[in-house]
Amino acid sequence: MALTIKEAAEHTGLTVHTLRYYEQEGLLKALKRDERGNRLFEPEDLDWLYFIRCLRDTGMPVAKVKHFAELAFKGDHTMRERLQILQDHKRSTERKVEEMNSFLEKITHKTVWYENLVREREQAAEKV
């Protein structure tokens, strides 16, 4: 069942504006339209949007997503290039995750330090 742009936005967590922008930039295949010209999003369109969101949310620039989309729309003969793009992006994302985990360790360490400090001060205040 096809969804309106508003429904597609709700399902994907993207805004209506973003969906229109993605269509304008060529990140989506030509969408079906109803008799009034309103965009209709099929399940495969939503799957593609989830994938685009995944790429964007992990830091891939719109221009790179657009290039990937163009390759995908050209067909199977572009698979090797698309694979290379995804492998590069995966490595970049893994580096970011490692960095974020390092930051999380530091934040956790500092949180424990403050919890101990607060507990010590509260216990000292109770003794007074």
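Criteria and thresholds
- Residues numbered from 1 in each chain as written.
- Predicted model: local features only at pLDDT ≥ 70, side-chain atom pairs only at ≥ 80, totals over all residues.
- Heavy atoms only, no water.
- Helix = DSSP H or I, 4+ residues; strand = E, 2+ residues; numbered from the N terminus.
- Rg over C-alpha atoms; globule rule 2.2 N^0.38 Å.
- Buried < 20%, exposed > 50% of the residue type's maximum accessible area, 1.4 Å probe, protein only.
- Contact = heavy atoms within 4.5 Å.
- Areas by Shrake-Rupley, 256 points an atom, 1.4 Å probe, with all protein chains shown as cover.
- Lys, Arg positive; Asp, Glu negative; His and termini not counted.
- Charge placed at Lys NZ, Arg CZ, Asp CG, Glu CD.
- Patch = residues over 30% accessible without salt bridge, like charges linked within 9 Å, V, L, I, M, F, W, Y side chains within 5 Å.
- Salt bridge = Lys/Arg side-chain N within 4 Å of Asp/Glu carboxyl O.
- Domains from an automatic or database assignment.
- Buried area = accessible area lost by both parts, 1.4 Å probe.
- Polar contact = N/O pair within 3.5 Å; in protein donor to acceptor, adjacent residues only side chain to side chain.
- Nonpolar A, V, L, I, M, F, W, Y, C, P; charged D, E, K, R; others polar.
- Phe/Tyr/Trp six-rings, centres within 6.5 Å; stacked < 30°, edge-to-face > 60°.

1. A short note on the overall build of the protein
Each helix and strand in the protein was counted, giving five helices and two strands. Reading the secondary structure of the protein in the N-to-C direction produces α-α-β-β-α-α-α. Its C-alpha atoms give the protein a radius of gyration of 23 Å, clearly above 14 Å, the size a compact globule of 128 residues would have. Along the first, second and third principal axes, the C-alpha set of the protein runs to 80 × 35 × 20 Å. Going through the 128 residues of the protein one by one, you find that 27% of them count as buried. The contacts of the protein with a sequence gap of at least 6 include a subset with a gap of at least 24, amounting to 49%. Total accessible area on the protein stands at roughly 9,400 Å², and carbon and sulfur atoms take up 55% of it. In the protein, 23 positive and 23 negative side-chain charges are present, and the distance between their average locations comes to 4 Å.

2. Overview of a nonpolar patch on the surface
Together, Met100, Phe103, Leu104 and Ile107 give the surface a local cluster of nonpolar side chains, amounting to about 410 Å² of exposed area. Relative to the helices and strands, leucine 104 is located in helix α5 (residues 79-127).

3. As for the side chain of threonine 78
Structurally, the position occupied by threonine 78 is in the loop between α4 (62-74) and α5. For threonine 78, a relative accessible area of 6% gives the class buried. Once residues lying within four places of it in the same chain are set aside, the contact partners of threonine 78 are Leu71 and Ala72.

4. Examining the domain arrangement of the protein
Here the protein is described as being made up of domain 1 (1-74) and domain 2 (76-128). The C-alpha-based centres of domain 1 and domain 2 are spaced at 30 Å. Across the interface of domain 1 and domain 2, roughly 940 Å² is buried in total on both sides, 72% from carbon and sulfur atoms. Counting the surface domain 1 buries against domain 2, the share from its top three residues, Thr58, Phe68 and Leu71, is 49%. Connecting domain 1 to domain 2 are zero salt bridges. At the surface where domain 1 touches domain 2, the tally comes to four residue pairs in polar contact (both at pLDDT 80 or more). Elements with a contribution of two residues or more to the side of domain 1 that touches domain 2: α3 (43-57) and α4. Residue contributions to the side of domain 1 that touches domain 2 peak at six residues, all from α4. Residues of the side of domain 1 that touches domain 2, tallied by class, amount to six nonpolar, three polar and two charged.

5. Describing the packing of aromatic side chains
In the structure shown here, the tally under the stated rule is six aromatic pairs. Pairing tryptophan 48 with phenylalanine 68 gives two aromatic rings, centres 6.4 Å apart and planes at 20°, and the pair type is stacked. Taken together, the positions of tryptophan 48 in helix α3 and phenylalanine 68 in helix α4 put the pair 20 residues apart, joining distant regions of the chain. Among the residues examined, phenylalanine 68 registers a relative accessible area of 5% and is labelled buried. Ring geometry for phenylalanine 51 and phenylalanine 68: centres 5.7 Å apart, planes at 50°, overall tilted. Note that phenylalanine 51 is positioned in helix α3 and phenylalanine 68 in helix α4, a separation of 17 residues in sequence. For phenylalanine 51, a relative accessible area of 27% gives the class partly exposed. In this structure an aromatic cluster arises from ring pairing among Trp48, Phe51, Phe68 and Phe73.

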